[in-house]
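Spelled out from the first residue to the last, the chains are:
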Amino acid sequence: MTSRIILSKDTAVFFSEKERDVSMSSLYQVLSPAGELVGDLKGQLDEATMIKMYENMVLVRQFDRKSINLQRQGRMGTYAPFEGQEASQVGSAMAMTPGDWLFPTYRDHAAAIVHGQSMARVFLYWMGHMEGSISPKHLHIMPPCVPIATQMVHAVGTAWASKLQNEKHVSIAYFGDGASSEGDFHEALNFAGVFQTPTIFFCQNNGFAISVPFSQQSASKTIAQRSAAYDIPGVRIDGNDIFAVWLTMKEAMQRALDGKGPTLIEAVTFRYGAHTTADDPKKYRDQESLSEEWRQERDPLQRLRVYLENQGLWNETKEVELIARVNEQIDAALVEAESYPKSKPEDMFKHVYAEPSWMATEQESELVKPSKQEGIPA
Amino acid sequence: MKRKLTMIQAITEAMDQKLADDSRMMLLGEDIGVNGGVFRATEDLIHKYGPERVVDTPLAEAGIIGAAIGLAMNGKIPVVEIQFLAFIYPGFEQIVSHAARMRYRTRGQYHVPMVIRTPYGAGIRGPELHSESVETFFAHVPGLKVVAPSTPFDAKGLLIAAMEDPDPVIFLEPTKLYRAFKQEVPEEMYRVPIGKAKVVQEGSDVSIFAWGAMLRVAEDAAKQIERENGLSCEVIDLRTLYPLDRDTIIASVKKTGRAVVVHEAHKTAGLGAEIISIINDEALIYMKAPVKRITGYDVPVPQFSIEDDYLPTAERVKDGIMETATF
């Protein structure tokens, strides 16, 4: 197979045999783990955006840690943490614009928050509230998708409608490496290719589908190379390099809006923690050393902080101020969520249909009426 | 103007008129464009409305239904054709986990106005897995509506109602009746309400409940038994299988005190059981005999050389009627 240059010239390529090297050095990278610029910013990334990137990543990392604590305290249900994947989620979401459609999985609330979902709403979701999946009115943030890969075809449909209606918006489907084994992954990429929909398939390959490593998930070395089968562009990037993520997303979005169809992005990253708070990663991987290795050598926040400090854009005082500020925001969101009116039992009967069925209406009245057992002596 | 149409013609006309009426309408499916569908339900519509609105899709049911969900959420009204009911299973997850739940999960912010049309049922000498009647899978899922017409008139009116419904509708078309007979069908658009059964024939001794292709079998049995035994049967076409029209079911059995349910689906956990349960809840003391079910057997629908032995016949229905009448 001949090599194809995908997206821009300094983007990593992967199609030819010799380029199927899956070491980290083959990834498209702009900001090295040491915080040095190793790629072209293309004149698109200004200092204010870079600072915002850092602030957002700190915000969502604090949010994630807070959520784990809340789950441990019994104030939230099972929670899916994302620490380690901040650059992928924040960078991609920051590239989006308000009319775009965001299809997150259960691990993508960092992307949802950065795109405009309120943190209080995300807390409500993990608290099992009936209203935890409502999008802000001016945005299209879909409910976190729980079945794997199924949301990918929805993102084809919404993008298809945008195209037919001449709306300049893209649809972005988030998914993980495990999703690449599902049939819906194939059907989504195939449909998007056939109908040239403005869909961006954003894969966070964190190496593990709960416990199964990617090497056992797939004989293909990368997920990005699958794009060749659909004749759509695919690119493999350093998912912990927020500059690479943002620039790749911007380019994919431009292609989509120019009528050039879908793009598959594979952002290579790592979740430091468990699949969910109900999972123990020590069971299936050398958790301590792997997690430590990624934290020490490839952390997405650390490298941007070093870069910003070297540019004179960041310092310890700002860091302390930022941590205090985001913690205050998170605490305020928690207060809002915990004081939000609780879901009432009768809420389960609402919004099944535009008009409720007679069955549900009757069952609702059974639910709220007093028990027949009242008045019966014990 | 009144003309006589077959069911397939009535279905085509319903889609044709809605495509003309509402620019949001789209048809999606395998071979529905140039080929006009394997049963020709979409014949010529691609030429009239173009390939952007009458779309030949890749052969992938989850892809078709999943993409249609996205289209519906973003302003379109997709009508999906699945070639045969037993081919819907790859898209089952999209139907039950997403189409049926989107309104619920977003508290009404997004909804999925879409119709999934599919031929169903046996009796056409089809190959394996072309003859299933698994409506009960869908009639178990809150968030879906399930419709099965038995006449050209109802097929057009129910399909238009389904295309105008704000929620997903599974539209089951009895394959055997596609071209079985013609009926007067108004040329203009009209709606047959979803959720309403129809008393096809009034009677006083036994109520017979049926839908789809079994309606004809029930009517045949009722006519024969009246002639042969002087029993007066009330024949009811349920038309909508979810939600069931409880009021019509109850009003009929309160009058007759006897009932037979006829369906070609397997007996166990078939909708007949649900109808008996409704009667049990609302009219038990009116009943003079246990309700009889005449159904397909609890076996896979067999190869076509013996499919007629699987399907309920007028003879079997008559036996059921006599059993309840002489209890």
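Residues numbered from 1 in each chain as written. Chains lettered and ligands numbered in written order. Predicted model: local features only at pLDDT ≥ 70, side-chain atom pairs only at ≥ 80, totals over all residues. Heavy atoms only, no water.

An unreviewed UniProt entry lists chain B under the name Alpha-ketoacid dehydrogenase subunit beta, from Brevibacillus porteri. In the Cofactor (unreviewed entry) part of its UniProt record, chain B is described as follows: "thiamine diphosphate". (UniProt positions renumbered as here; feature names shortened; annotations may be inferred.)

Undergrad: It is not clear to me how the pairing of strand β4 (residues 77-81) of chain B should be interpreted in this structure. Could you clarify?
TA: As a general feature of sheets, a regular strand has side chains that alternate between the two faces. Residue and element names in this part refer to chain B. The buried fraction of β4 amounts to five of the five residues, a majority that puts the element mostly inside the structure. Residues of β4 alternate between two faces, with I77, V79 and E81 on one and P78 and V80 on the opposite face, all of them buried. Where strand β2 (residues 25-29) meets β4, five bridges bridge the pair, whose relative direction is parallel. Counted as the bridge partner of M26 is P78 from β4. (Buried < 20%, exposed > 50% of the residue type's maximum accessible area, 1.4 Å probe, protein only. Helix = DSSP H or I, 4+ residues; strand = E, 2+ residues; numbered from the N terminus. Pairing = 2+ DSSP bridges.)

Undergrad: It is not clear to me how the domain arrangement of chain B should be interpreted in this structure. Could you clarify?
TA: The parts lose accessible area when they come together, and the size of an interface is often stated as this lost area. All names here are of chain B. Partitioning chain B into structural domains gives domain 1 (2-186) and domain 2 (198-325). For domain 1 and domain 2, the distance between their C-alpha centroids amounts to 26 Å. Between domain 1 and domain 2, the residue contacts involve 30 residues of the former and 23 residues of the latter. Our count for the domain 1 to domain 2 interface comes out at three salt bridges. One salt bridge in this structure joins R239 and D154, with 3.1 Å as the shortest N-O distance. Elements with a contribution of two residues or more to the side of domain 1 that touches domain 2: α6 (135-138), β6 (145-147), α7 (152-163) and β7 (169-174). Per-element tally for the side of domain 1 that touches domain 2: the top contributor is β6, with three residues. For the side of domain 1 that touches domain 2, the per-class residue count stands at 16 nonpolar, seven polar and seven charged. (Domains from an automatic or database assignment. Contact = heavy atoms within 4.5 Å. Salt bridge = Lys/Arg side-chain N within 4 Å of Asp/Glu carboxyl O. Nonpolar A, V, L, I, M, F, W, Y, C, P; charged D, E, K, R; others polar.)

Undergrad: Help me understand the sheet that holds strand β9 (residues 198-201) of chain B, please; the structure alone is not making it clear to me.
TA: Strands in a sheet are paired, the pairing made by backbone hydrogen bonds, and the direction either parallel or antiparallel. All names here are of chain B. On the basis of which strands lie adjacent, the open sheet formed by five strands has the order β9-β11-β10-β13-β14 and mixed pairing. Sheet topology places β9 and β14 (292-296) at the edges, where each strand pairs with a single neighbour. Sheet twist, expressed as the mean angle between neighbouring strand axes with direction ignored, is 25°. Pairing geometry for β9 and strand β11 (residues 233-237), over three bridges, is antiparallel. Note that in β11 the partner of Q201 across the bridge is V235. Across the sheet, helix α10 (residues 271-283) touches β10 (206-210), β13 (259-266) and β14, and the angle it forms with β13 is around 155°. Sheet strands in contact with helix α12 (residues 314-325) are β10, β11, β13 and β14, and its direction is about 165° off that of β14. (Axes fitted to C-alpha atoms, helices over the stretch in contact; angles between N-to-C directions.)

Undergrad: Help me understand the interface of chain A and chain B in this model?
TA: Counting residues at the interface gives 42 residues for chain A and 46 residues for chain B. Taken over both partners, the interface formed by chain A and chain B buries close to 3600 Å², and the fraction arising from carbon and sulfur atoms is 63%. Its largest share of buried area at the contact with chain B, chain A owes to A:H351, A:Y353 and A:W358, together 19% of the area lost on that side. Applying the counting rule to chain A against chain B returns one salt bridge. Between B:R246 and A:E362 there is a salt bridge; the shortest N-O distance is 2.3 Å. In this structure, the connection of chain A to chain B is made through 23 residue pairs in polar contact (both at pLDDT 80 or more). Sorting the residues of the side of chain A that touches chain B by element identifies α5 (150-164), α6 (183-195) and α13 (358-368) of chain A as the ones contributing at least two each. The element that contributes the greatest number of residues to the side of chain A that touches chain B is α5(A), accounting for nine residues. Grouping the constituent residues of the side of chain A that touches chain B by class yields 23 nonpolar, eleven polar and eight charged. (Buried area = accessible area lost by both parts, 1.4 Å probe. Polar contact = N/O pair within 3.5 Å; in protein donor to acceptor, adjacent residues only side chain to side chain.)

Undergrad: It is not clear to me how the side chain of A:Q89 should be interpreted in this structure. Could you clarify?
TA: Topologically, A:Q89 is positioned in helix α2 (residues 86-95). Owing to a relative accessible area of 0%, A:Q89 belongs among the buried residues under this scheme.

Undergrad: How should the UniProt feature "domain: Transketolase-like pyrimidine-binding" (unreviewed entry) in chain B be read in this particular structure?
TA: Mapped onto this structure's residue numbering, the UniProt feature "domain: Transketolase-like pyrimidine-binding" (unreviewed entry) falls at residues 5-180 of chain B. Between the C-alpha atoms that bound residues 5-180 of chain B the distance is 10 Å, and the span itself is 35% helix and 16% strand.

Undergrad: Which parts of the structure should I look at to understand a nonpolar patch on the surface?
TA: All names here are of chain A. Among the surface-exposed residues, M348, L367 and V368 lie close enough to one another that they form a single nonpolar patch of about 260 Å² accessible area. By the element assignment, M348 lies in the loop between α12 (316-339) and α13. On the basis of relative accessible area, M348 is assigned to the partly exposed category, the value being 42%. (Patch = residues over 30% accessible without salt bridge, like charges linked within 9 Å, V, L, I, M, F, W, Y side chains within 5 Å. Areas by Shrake-Rupley, 256 points an atom, 1.4 Å probe, with all protein chains shown as cover.)

Undergrad: What exactly am I supposed to notice about the sheet that holds β2(B) here?
TA: Residues and elements named next belong to chain B. The seven strands lie next to each other as β3-β2-β4-β5-β7-β6-β12, forming an open sheet whose pairing is mixed. Each edge of the sheet is formed by a strand with only one pairing partner; in this case those strands are β3 (54-56) and β12 (240-242). Strand-to-strand twist in this sheet, taken as the mean axis angle between neighbours without regard to direction, amounts to 20°. On top of the sheet, helix α1 (residues 7-21) reaches β2, β3, β4, β5 (115-120) and β7; it is set at about 135° to β2, its chief contact.

Undergrad: Before we go on, may I ask you to explain unusual backbone geometry in this structure?
TA: Excluding glycine, most residues fall at negative phi; most peptide bonds, likewise, are trans. The residue after B:Y242, namely B:P243, is reached through a cis peptide bond having omega 0°. Examined against the element boundaries, B:P243 turns out to sit in the loop between β12 and α9 (246-256). For A:Q196, which is not a glycine, the phi torsion comes out positive at approximately 50°. With respect to the secondary-structure elements, A:Q196 resides in the loop between α6 and β4 (199-205). Look at A:Q196 and you get partly exposed, because its relative accessible area is 29%. In this structure, A:H351 is a non-glycine residue whose phi angle is positive, near 65°. With respect to the secondary-structure elements, A:H351 resides in the loop between α12 and α13.

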